[in-house]
Amino acid sequence: MRIQHPMLSPRSNKTISFSFNYVRYEGLEGDTVAIALWANGVKALRISEKNNEPRGMYCGIGQCYECRIHQSKQGLVKACTTTINEGDQFFSSES
């Protein structure tokens, strides 16, 4: 199942690879991290600080901070608005 993001189009059919928490995944060029992970069956992006519960994409438009993760090159980013590039590495915010 693929999520269609209203702000990021058109998407190509070119497959690229990236990693999340040291696991390699594939997504389509132009996918956000959240969309690519969702398509790979990954819904939890981090663990909440207060209740130690899994957190995932909530608003999907970059207004909240539920999908915050770390990118190896940029630090803290929002998975719902950050597009993947070949070889990118992402980590849960608690990693």
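Above this text sits the structure in question.
Presented here is an overview of the structure given in this document. None of the values given here were measured: they were computed from a predicted structure. Just so you know, the residues in each chain are numbered from 1, in the order the chain's sequence is written. The predicted origin of the model limits local features to residues at a pLDDT of at least 70 and limits the giving and counting of side-chain atom pairs to 80 or more, whereas totals for whole chains, interfaces and linings rest on all residues. Excluding hydrogens and water, the side-chain values take into account all heavy atoms of the structure.

**Remarks on the side chain of Glu66**
- Within the secondary structure layout, Glu66 lies in the loop between strand S4 (54–55) and strand S5 (68–71).
- Whether two residues are in contact is decided by their heavy atoms, any of which lying within 4.5 Å being enough. Contacts of Glu66, omitting those with residues within four sequence positions, involve Arg46, Arg55, Gly56 and Tyr58. For helices the rule is a DSSP run of H or I covering at least 4 residues; for strands it is a run of E covering at least 2, with both sets numbered from the N terminus onward.

**Thoughts on the sheet that holds strand S6 (residues 75–78)**
- At least two DSSP bridges between two strands are needed for those strands to be called paired. If you trace the five strands from one edge of the open sheet to the other, you get S2-S1-S7-S5-S6, paired in mixed fashion. Two strands bound the open sheet, and with one partner strand each, they are strand S2 (23–28) and S6. Each strand of the sheet is rotated relative to its neighbour by a mean of 40 degrees, with strand direction disregarded.
- Sheet topology note: the S5/S6 ladder contains four bridges and is antiparallel. Across the sheet, Arg68 pairs through a bridge with Lys78, a residue of S6. Think of each axis as a best-fit line through the C-alpha atoms, taken over the contacting stretch in the case of a helix, with angles from 0 to 180 degrees between the N-to-C directions.

**Topic: the state of the cysteines**
- In this description, the term disulfide denotes a pair of cysteine sulfurs within 2.5 Å. Under the criterion given, the structure shown has zero disulfides.
- Its sulfur unpaired, Cys67 is 3.7 Å from the next cysteine sulfur, which belongs to Cys80.
- Think of it in three bands: residues with accessible area under 20% of the maximum for their type are buried, residues over 50% are exposed, and the middle band is partly exposed, with areas taken using a 1.4 Å probe on protein chains only. The class of Cys67 is buried, set by a relative accessible area of 2%.

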